[in-house]
Amino acid sequence: MALEFEFSDEHKLFRRTLRDFMDEEIRPMIDNRFYESEEFPWEPVRAMSEQGLFGVPVPPEYGGAGLGEIGYGILLEEVSRVDTGLATIVGAHTGICLAPIYLFGTEEQRETYLPPLCRGENIGAFALTEPQAGSDAANIRTRAERDGDEYVINGTKIYVSNGDVADTIMVSAVTDPALGAKGGVTAFIVDTDTDGFHVSSKEDKMGIRRSTTAQIEFEDLRVPAENVLGNVGEGFIVALTALDGGRATLAAGSCGGAQEALNMALEYATAREQFGKPIAHHQDVQFRLAEMSTEITTMRYATYHCLDYVETYYEKVAAGEDVDKSFREKVSRRSAQVKVQASEMAAEVTEKACTIMGARGLQEGYNLEKGLRDAPIAEIYEGTNEIQRLVIGRELVQRGRYEW
Ligand SMILES: Cc1cc2nc3c(=O)[nH]c(=O)nc-3n(C[C@H](O)[C@H](O)[C@H](O)COP(=O)(O)OP(=O)(O)OC[C@H]3O[C@@H](n4cnc5c(N)ncnc54)[C@H](O)[C@@H]3O)c2cc1C
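Here the structure is a predicted model, which means the values were calculated and not measured. (Residues numbered from 1 in each chain as written. Predicted model: local features only at pLDDT ≥ 70, side-chain atom pairs only at ≥ 80, totals over all residues. Heavy atoms only, no water.)

Colleague: Talk me through the domain arrangement of the protein chain; I want residue IDs and the actual numbers.
Modeller: Note on interface size: it is often stated as the accessible area lost on association of the parts. Taken domain by domain, the protein chain consists of domain 1 (9–123), domain 2 (125–229) and domain 3 (235–399). Between domain 2 and domain 3, the residue contacts involve 17 residues of the former and 13 residues of the latter. For the pair domain 2 and domain 3, the two sides together bury roughly 1200 Å², of which 75% comes from carbon and sulfur. On the domain 2 side of the interface with domain 3, the three residues burying the most area are Ser135, Met206 and Ile208, jointly 39% of the side's total. Taken together, domain 2 and domain 3 are joined by 0 salt bridges. Between the two partners, domain 2 and domain 3, sit 3 residue pairs in polar contact (both at pLDDT 80 or more). Those elements that place two or more of their residues in the side of domain 2 that touches domain 3 are β4 (168–174) and β5 (185–191). Ranked by residues supplied to the side of domain 2 that touches domain 3, first place goes to β5 with 3 residues. Residue composition of the side of domain 2 that touches domain 3, by class: 11 nonpolar, 4 polar and 2 charged. (Domains from an automatic or database assignment. Contact = heavy atoms within 4.5 Å. Buried area = accessible area lost by both parts, 1.4 Å probe. Salt bridge = Lys/Arg side-chain N within 4 Å of Asp/Glu carboxyl O. Polar contact = N/O pair within 3.5 Å; in protein donor to acceptor, adjacent residues only side chain to side chain. Helix = DSSP H or I, 4+ residues; strand = E, 2+ residues; numbered from the N terminus. Nonpolar A, V, L, I, M, F, W, Y, C, P; charged D, E, K, R; others polar.)

Okay, here's the thing in structure tokens:
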């Protein structure tokens, strides 16, 4: 029997329509705008949300497009082709805020929060990282103390994508310091119009400058106990489950960014002549183009194969079914693998594109220099590649044998 590996007609149509929309409507809208100022790009964000692009994986009964994780991967791939910053906005909103609310939310939480998030009327964010807790996320100190029917949250979160504009933030906070990450961290849905929420600063970043990154503070911020997402003490499970899907779709985004760099280099190499012929006809340049396209092709297969696993995993979580531990670990390992490989591949492909374009690769106006600044960031966020290598290695050593 042949191994089936084909997008559904619905996903194919989605990709075609989305690609045209991003190239024809969004690309001209962001040309040379928002990047230097590092302002939140409301105009393209509004245009994209009007197309239903802020709730792609979520089922229609909650206002989403119902295209699952494969559809969400296509979304990040196509948006990243046009701009990695816009993809980061969509990713922080969808993969790590809206998705965990869908996966772990009560029916009431889903009905309250998902429709405005899916419409893009509300923007979502995810706040885990703290000044002393980056890779060592278990070391968070933001505290949530129970007071009657409410929790009182105090603490500081840093590097929160969309943090300056978000309406809804998924916040990880310590509810039992004695238990730490193993039962002492809880996830909360926080409305940013609540007293005690402040944006204290915005980062000035080297790349993905169309995505804003903020430091936020909670000062005696009160949330009703019904805003606990998932079970009390299981906040780490909520965050890590969201990050499994987040990393796999981030890999899809890296494929999109790499494809854009390859196409820029290809266009340049066929037009630019040196030594009496287009540089694309010099064998070394052709070899580089061949390597770039091969890397993107193989990475795309691995990424969507992983997303297929994530989709099965998420369907079970959303339905409240038990998920076999071994399957869960396999999904985490696969999403870590594609995140590492795709982010490093995208950075390498962008560098190769730069070599092919010579001086123009570094020149503003050719847009590749933005790609050079944007690409390495995927190696850091949603867990650095070193930490992902630890996840992969640990699973391998625990099993004692490599299983595909
Ligand atoms: C643009 C951007 C957007 C972000 N958005 C969000 C967001 O929306 N929400 C959020 O919560 N966070 C966000 N982050 C934070 C991001 O997840 C962290 O930056 C990341 O987890 C790494 O933490 P750190 O930067 O503190 O690095 P550190 O943890 O200080 O690590 C520094 C270096 O040490 C290495 N290292 C650390 N521990 C080990 C170890 N045990 N073994 C080997 N190497 C190790 C790391 O890999 C890295 O190379 C964002 C970050 C960026 C850059």
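After that view of the structure, there is still more to cover.
Colleague: Can you tell me about the layout of surface pockets, naming the residues and giving the values?
Modeller: Here the second largest pocket defines a volume of roughly 730 Å³. Taken together, 25 residues form the lining of the second largest pocket, with Phe5, Tyr301, Ala302, Tyr304 and His305 sitting closest to its centre. Going through the elements one at a time, α1 (9–30), α7 (283–318) and α8 (325–356) are the ones with two or more residues in the lining of the second largest pocket. Among the elements that line the lining of the second largest pocket, the one with the most residues is α7, at 9 residues. Its residues placed into classes, the lining of the second largest pocket shows 12 nonpolar, 6 polar and 7 charged. Of the domains in this structure, domain 1 (9–123) and domain 3 (235–399) are the two that each give at least three residues to the lining of the second largest pocket. (1 Å grid on protein atoms, 1.4 Å probe; cavity = no way out; pocket = protein on both sides within 12 Å on 5 of 7 lines; lining within 4 Å. Points joined across faces, edges and corners; volume = space filled by probe spheres on them.)

Colleague: I'd like a rundown of unusual backbone geometry, residues and numbers included.
Modeller: Of note, the phi angle at glutamate 38 is positive, near 55 degrees, even though the residue is not glycine. Its location among the elements puts glutamate 38 in the loop between α1 and α2 (42–50). A residue is classified by how much of its surface remains accessible, and glutamate 38, at 6% relative accessible area, is buried. You will see that asparagine 162, though not glycine, has its phi angle at about 70 degrees, which is positive. With respect to the secondary-structure elements, asparagine 162 resides in the loop between β3 (150–161) and β4. (Buried < 20%, exposed > 50% of the residue type's maximum accessible area, 1.4 Å probe, protein only.)

Colleague: Let's hear about the pattern of salt bridges: which residues, and what values?
Modeller: This model, assessed by the stated rule, comprises 30 salt bridges. Measuring nitrogen to oxygen at the nearest pair gives 2.4 Å for the salt bridge that ties arginine 300 to glutamate 77. With a gap of 223 residues between them, arginine 300 in helix α7 and glutamate 77 in helix α3 (residues 68–82) connect regions that are remote in the sequence. The partly exposed category is assigned to arginine 300, whose relative accessible area is 22%. Across the pair arginine 222 and glutamate 150 runs a salt bridge, and its minimum N-O distance is 2.7 Å. Of this pair, arginine 222 sits in strand β7 (residues 213–224) while glutamate 150 sits in strand β3, and the two are 72 residues apart along the sequence. When its relative accessible area of 36% is taken as the criterion, arginine 222 is described as partly exposed.

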